[in-house]
Amino acid sequence: MSIKTPTIAIRLLGFSAKEEETFSAVLAVARETGYRYTCLRTGCVQDPDMYIVNASNIKAIATLSDLNPGEAMPVLLIGKADIDLPYEVMPRPIRWRTIFSILDELVNKRDLLLNTLAAHTINLTVHERRTHKRIDFDLTDPQVYQKMRDTPMAKGGILVVDKDTQFREYVAAIMDHYGITVTLASDERSALMLDRNNQHALTLINTSTPDVDPYRLCDGLKKQNHGLKTSVIFLIDQSFDYKLGLAERVHCDGFLVKPLSRRVLLRTIKKYLHLFNK
């Protein structure tokens, strides 16, 4: 019986659309040995397993600093940065034939660290662990942080928009441990009505739900919850055309690609509902 090769999700930072397309195509090639890799599409809210960063892009470096990757979150820099950074570097031009060996080594080091920590029963939260000093620049407007701090989070739990109850029941079973209610709506009208009464903190919209325009519904939910911190995430399949510009206009928080593993779903919900310490 063959053992399924783990798939490593990669977030690309600071590359052009053409470079991102090349990375996605090269890393998607099936391999007989080693890990499988996939590049997360722009707009996908799934947490990555590692980052590949354009070292010459100052905004990407600032974003990397703000993300605060620890030892268990590998980072590969492409090119030379203007400042010294404690990460693995691949100089340009990119050596596509050898990139897999570098990525495999980084993932092996991560797995060794996680196994060692697990053996010593030490809890590791990837995004909260800081092993390197934060880079001392930030390109984000301070008013953005102030607005985030001043906006209260909606307290109504989770709303699932789907045509049947199966996914809602799956989410509810996971959230039972946290005491969070999960409500189901099967159309736009009932979704808006239920949200008006409950002010959900997170809405998951299955874009395959008949007669539901996810962008229109997202716009209605966001306007209805004006002044509250509420998140809307689309659940899409590979064929769904996620229109980034339209999604930004209706303030959609992003998407997840179906089918969803329990790990991806739980980590996403925890991130948006701030449940890491519960």
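If you're wondering where the values come from, they're calculated on a predicted model, not measured in any experiment.

The next thing to look at is the pairing of strand 9 (residues 231-236). Along strand 9, six of the six residues are buried, which leaves the element largely enclosed by surrounding structure. Every second residue of strand 9 is oriented toward a common face, with Ser231, Ile233 and Leu235 on one face and Val232, Phe234 and Ile236 on the other, all of them buried. On the question of chirality, the crossover connecting strand 8 (residues 202-206) to the parallel strand 9 by way of helix 7 (residues 214-224) is right-handed. Bridging between strand 9 and strand 10 (residues 254-257) involves four bridges; their strand directions are parallel. From the neighbouring strand, Leu235 faces strand 10, where its bridge partner is Leu256. Once the chain exits strand 9 it traverses helix 8 (residues 244-249) before rejoining the sheet at strand 10, and the crossover so formed is right-handed.

The next subject is the packing of aromatic side chains. If you walk through the whole model with that rule in mind, you get nine aromatic pairs. The interplanar angle of 45 degrees and the centroid separation of 6.4 Å between the aromatic rings of Phe167 and Tyr170 together place this pair among those described as tilted. Residue Phe167 and its partner Tyr170 are located together in helix 5 (residues 166-175), separated by three residues, close to a single helical turn. Assessed through its relative accessible area of 15%, Phe167 is described here as buried. Classification of Tyr170 as partly exposed rests on a relative accessible area of 31%.

Chain-level statistics for the protein chain give a pLDDT mean of 85 and a share of 84% at 70 or above. The low-confidence segment residues 122-133 (pLDDT under 50) makes 28 contacts with residues lying over four places distant or belonging to another chain.

With that settled, the discussion passes to helix 5. Among the residues making up helix 5, those that are buried are Phe167, Val171, Ala172, Ile174 and Met175. In an axial view of helix 5, the angular spread of the buried residues amounts to 160 degrees, which keeps them on one side of the axis. When the buried face of helix 5 is taken as reference, the exposed residues oriented beyond 90 degrees from it are Gln166 and Ala173.

Counted under the stated rule, the structure contains 12 salt bridges. For Lys223, the salt bridge is made with Asp219, and the minimal N-O distance between the two is 3.1 Å. One end of the pair is Lys223 and the other is Asp219, both in helix 7 and four residues apart, which spans about a single turn. Using a relative accessible area of 23% as the deciding quantity, one classes Asp219 as partly exposed.

On to helix 2 (residues 58-67), then. Three or more residues of helix 2 are buried, namely Ala60, Ile61, Ala62, Leu64 and Ser65. In this structure, the buried residues of helix 2 make contact with strand 1 (7-13), strand 3 (50-54) and strand 4 (75-78). Put simply, Asn57 is the residue that caps the front of helix 2, since its side-chain oxygen is 3.0 Å from the backbone nitrogen of Lys59. Phi for Asn68, located one or two positions after helix 2, is positive at around 60 degrees.

What counts and what doesn't
- Residues numbered from 1 in each chain as written.
- Predicted model: local features only at pLDDT ≥ 70, side-chain atom pairs only at ≥ 80, totals over all residues.
- Heavy atoms only, no water.
- Buried < 20%, exposed > 50% of the residue type's maximum accessible area, 1.4 Å probe, protein only.
- Helix = DSSP H or I, 4+ residues; strand = E, 2+ residues; numbered from the N terminus.
- Right-handed = clockwise from strand over helix to strand, strands pointing away.
- Pairing = 2+ DSSP bridges.
- Phe/Tyr/Trp six-rings, centres within 6.5 Å; stacked < 30°, edge-to-face > 60°.
- pLDDT = per-residue confidence, 0-100.
- Contact = heavy atoms within 4.5 Å.
- Arc of directions from axis to C-beta.
- Salt bridge = Lys/Arg side-chain N within 4 Å of Asp/Glu carboxyl O.
- Polar contact = N/O pair within 3.5 Å; in protein donor to acceptor, adjacent residues only side chain to side chain.

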